[in-house]
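Examining the three-dimensional arrangement
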Amino acid sequence: MNIVVASAVPLLGLITEPVSVAHYLVVGAILFVSGVVCMAMKRNALGVLMGIELVLNGANVNFVAFASPYLQGEGSRSLGLDGQVIALFVILLAAAEAAVALAITLNFYNNHATVDVDRADDLKG
Amino acid sequence: MDLASQLPQLLGLAWLLPLASFVLILFFGPRMGPHGRNAAWVATAAIVTSLVLSLVAFVSWLGVHPAVAAHHGGDHGAAHAGDHADAAGHDADHGSHAVQPPVAYSGDWYTLYEAGRLKLSIGWYIDSLTILMFVVVTFIATCIHVYASGYMHDELHEVTDHEVHLTDGSHLHRPGRFPRFFQALSLFCFSMMGILIAGNLAMVFIFWELVGICSWFLIGFYYERKSASNAANKAFLFNRVGDFGMLIGLMALWGALGTLHFADSQVPGPDGQPVSRPGLFSLVRPAETGHALRVPDGMVKFAAAEKVAKTAPGDVAGKVDAWRAEGFGKWLLFIAGVGIFCGCAGKSAQFPLFVWLPDAMEGPTPVSALVHSATMVAAGVYLVGRFFPVLTPDVLLVIAYIGAITLFIAATIALVANDIKRVLAYSTVSQLGYMMLALGVGGWVAGLFHLVTHAFFKSLLFLCSGSVIHACHTNDMRKMGGLAKVMPYTAGTMLVGCLAIIGAGIPFVIGLSGYYSKDSILAQALSFSQANPRHSILFLAVAGGAFLTAFYMFRLWFMTFAGTPRDHHVAEHAHESPQVMVMPLLVLAVLAVVAGWTLPGGFGIANLLEQSRPAGTTETVQGGFAFGQTLTVPAEYLSHEGTIHVTATMTAFATALGGVLLAAAMYLWRVISPAAIATIFRPVFIFLANRWYFDELYHALFVVPAHRLAAVASGIDQGLIDPFINGLAWTARQVAGIDAWIDRTLVDGLGHATASATWSAGLELKKLQTGSLRQYVMFIAAGTVALFVLASIVFRSSLAG
């Protein structure tokens, strides 16, 4: 039955298995998709920014997951911290981006008295 | 400062001042005061200064060469023996019968062109004739400038020309042309003096054409009038005919003799020392023959070119005399003389080229007085006088006959003319005929003397007629009459002019200027007739002309001023002219009286002219160069003596008196009815009233064939050349049409299609740019998914592998 369910729903088989990289990837994907949907659906600019944070953190989970020691090759001479370092960079980047985006949002609010992104169509073709 | 350097400076300055005035008025005329009023002052100031300079030159001349009574007989030249400026080549002893050339100063200011022996230069030739003519021209020009500043005042504002009808039936309105008139007048004075001072024939020819163009400007002053522009063109064309002959003469002289200079000139020789190069006068009348006429070596060699070619170069010089004796070159000299005379006949309105002068009266009256009676038309006579030494007796005979024909024809036409200016115009033609005849029969002084006196009284007569026209606004004498009461000054001065032109005077005592000059012409003609009985008709022409002159001049005066007004409309408006116009009349009237007098002590125009008498023409000459007949040109002094003088004077007096009496009988006392005479001699009357049908003759001979030729040429042009050109143009047009279609449809179409495709694509793509952020995110997401799907399809095999 497991086999039947597993073959019908590709990822369902993971529930029964011990936690591995694949599980992390599923969480990252869920985070990513949630972020994208949030960006696409929210009309509030702050909501959109939150969606961006979700997308970035979904990516971070992937980086960290792929940095797992179990995926290291035999005899590798690296520290094995590449994924974590890049995740830290992304966090840094997200902070900078949030600062800039919030400033833009604030300015937009000052000019239009709203943070509705649908109203931000001044550059429409 | 001696005369030789002083005279060219004085007269040169006098000559150039009107040019300066012309240039000034040309560029600044319209800005000279309101409507260019001050242009008259500029022109007058220039000509008055010229007059003063000419008078200074005149007085300087008299100081060195006092005019005294000429010595007739064998001792000629003794009076001038000591005062030769151009003594080079003339100081040889000519034996007991020494003949001295006249005193003349010559030189060059500027050389235009020089190649080998051929030389064109701006130079001067000054003798007493030059100075006298300078004084006469500048004096009359001054009077006429003053007169014209009054006469032309209509031109100071808008002018309505009543003789020009526009297509809508109204009259022409145009701005006044006051400065333009004085500009042309100044240019004319400059050109006229250029002829007078010219030191060579080329320079004469240049200024000859310049006076021609000035005449054209001035006749055509009212160029909107068809008659005026036609008259201007007619005058110009007739002069061209004459000038063509003149060019032939010039070429004959230049080709054969290599010089056009009148006098000898100094040129640098091969060793740097100046050598004397003979001019025309000393080539034709060399000193070694006692200034007797001789065909120059150059012409002999030119005519005998074949023989020269067969002779060794060293022997040519020795054989020239033999060839000359055979008659080589004499025709060349004849052609040269007749050619130059052709130009003179055109300019001086001689038969058969005289028909332009009466039409030239379309110009303003001051112009008629200055250009077409006193000065320009006299230039022809002046040139014959200046060129006299080169003219052979045969040429002189031609000139005499042309003069006689001219004076007779013009006088008969003047008898029946009714336009006051035309009577004077024909009178001018007739008097010019007198001058030519006088020169032709050897009366060098007589002809030029008459030129000077005629200049005074004819300009006076024209200015008087201008005054009459100014008052009556008509030229037709039949509408005048009785004007003496309202215009006393004009009538009086015109009477003086009429008396002067008919040569009135108390025989052997005193007379008006015309009395002296006309008597000397009659006397010379009589002297010539006696010497050459075959040509006695010349004297009859002169005597008959004198009678006709008296008749038509007094017919004019009686019709205009005497009796009762014929047209009350005209008489009521008549008034004496303003003072600025009357003053020149009075001045000229005085001169018309005194110009011929010889003062005690011998000063007189005739004696002054006698100083410049060409060498070798003092004594009676037997000749007959080209025609092989013997002609005797009697010495002029013979006509002053004995029976000839008495007969001539009595003839002149009798004919003049007869003419005046006949005119008085017909037009003053009305004893004889002019209408009855016209009826009796109806064919003659009609013949004369139609001016001998000369205009019709020329029309049929030249104008109609020219028109026909023009019609044929125009037919060829329109029938052959135009269709060809039009066909070419049509073909080019068709080709261009195809080309244009390709251009528009293919080339332009491609460009337009590209542009519109780009444009519409842009318009479509623009719709994607909605400005909705969430949509963009959707696109990004969808695009990313699409990329992944695409990559998985494309790289299926490698992924699977």
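Residues numbered from 1 in each chain as written. Chains lettered and ligands numbered in written order. Predicted model: local features only at pLDDT ≥ 70, side-chain atom pairs only at ≥ 80, totals over all residues.

1. Observations regarding the overall build of chain A
Along its length, chain A carries 4 helices and 0 strands. Each helix and strand of chain A, ordered N terminal to C terminal, gives the series α-α-α-α. In summary, chain A has a C-alpha radius of gyration of 20 Å against a globular reference of 14 Å for 125 residues, an excess of more than 25%. Referenced to the eigenvectors of the C-alpha coordinate spread, the extents of chain A come out at roughly 55 × 45 × 25 Å. Sequence separation of 24 or more characterises 47% of the internal contacts of chain A that already satisfy a separation of 6 or more. (Helix = DSSP H or I, 4+ residues; strand = E, 2+ residues; numbered from the N terminus. Rg over C-alpha atoms; globule rule 2.2 N^0.38 Å. Contact = placed C-beta atoms within 7 Å.)

2. A look at the confidence of the model for chain A
Low-pLDDT portions of the prediction should not be read for the details of their coordinates. Model confidence for chain A is summarised by a mean pLDDT of 86, while 93% of its residues fall at 70 or above. The secondary structure element of chain A with the lowest average pLDDT is helix α1 (residues 2–8) of chain A, at 56, and the one with the highest is helix α4 (residues 82–112) of chain A, at 93. (pLDDT = per-residue confidence, 0-100.)

3. Digging into the domain arrangement of chain B
With domains assigned, chain B is organised as domain 1 (694–769) and domain 2 (770–801). Computed from C-alpha coordinates alone, the two centres of domain 1 of chain B and domain 2 of chain B are separated by 63 Å. (Domains from an automatic or database assignment.)

4. Here we look at helix α4 (residues 178–197) of chain B
Its 20 residues place the ends of α4 of chain B 29 Å apart at the C-alpha level, agreeing with the 28 Å of an ideal helix rising 1.5 Å per residue. In terms of residue burial, α4 of chain B counts as a mostly covered element, since 19 of its 20 residues are buried. (Expected span 1.5 Å × (residues − 1). Buried ≥ 20, exposed ≤ 12 C-beta atoms within 10 Å, placed from the backbone.)

5. Quick look at the interface of chain A and chain B
Across the boundary between the two partners, chain A contributes 13 residues, which contact 10 residues of chain B. No other element matches the 4 residues that helix α2 (residues 21–41) of chain A contributes to the side of chain A that touches chain B.

6. Notes on the confidence of the model for chain B
All names here are of chain B. Averaged over all residues, the pLDDT of chain B is 85; the fraction at 70 or higher stands at 95%. Throughout residues 72–98 the model reports pLDDT below 50, and contacts reaching past four residues in sequence, or to other chains, amount to 41 contacts. If you check the scores for this complex, the pTM reads 0.75 and the ipTM reads 0.79.

7. Some points on the nonpolar core
Of all hydrophobic cores here, the largest spans 250 residues; its most connected members are L437 and A592 of chain B. By residue number, the principal contributor to this core is helix α17 (residues 444–472) of chain B, which donates 19 residues. Discounting residues that sit within four places of it in the chain, L437 of chain B has contacts with A400, G403, A404, L407, A525, L538 and V542 of chain B. V36, V48 and V61 of chain A together with L773 of chain B belong to the second-largest nonpolar core, a separate cluster that totals 12 residues. (Core = buried A, V, L, I, M, F, W, Y, C linked by C-beta atoms within 7 Å.)

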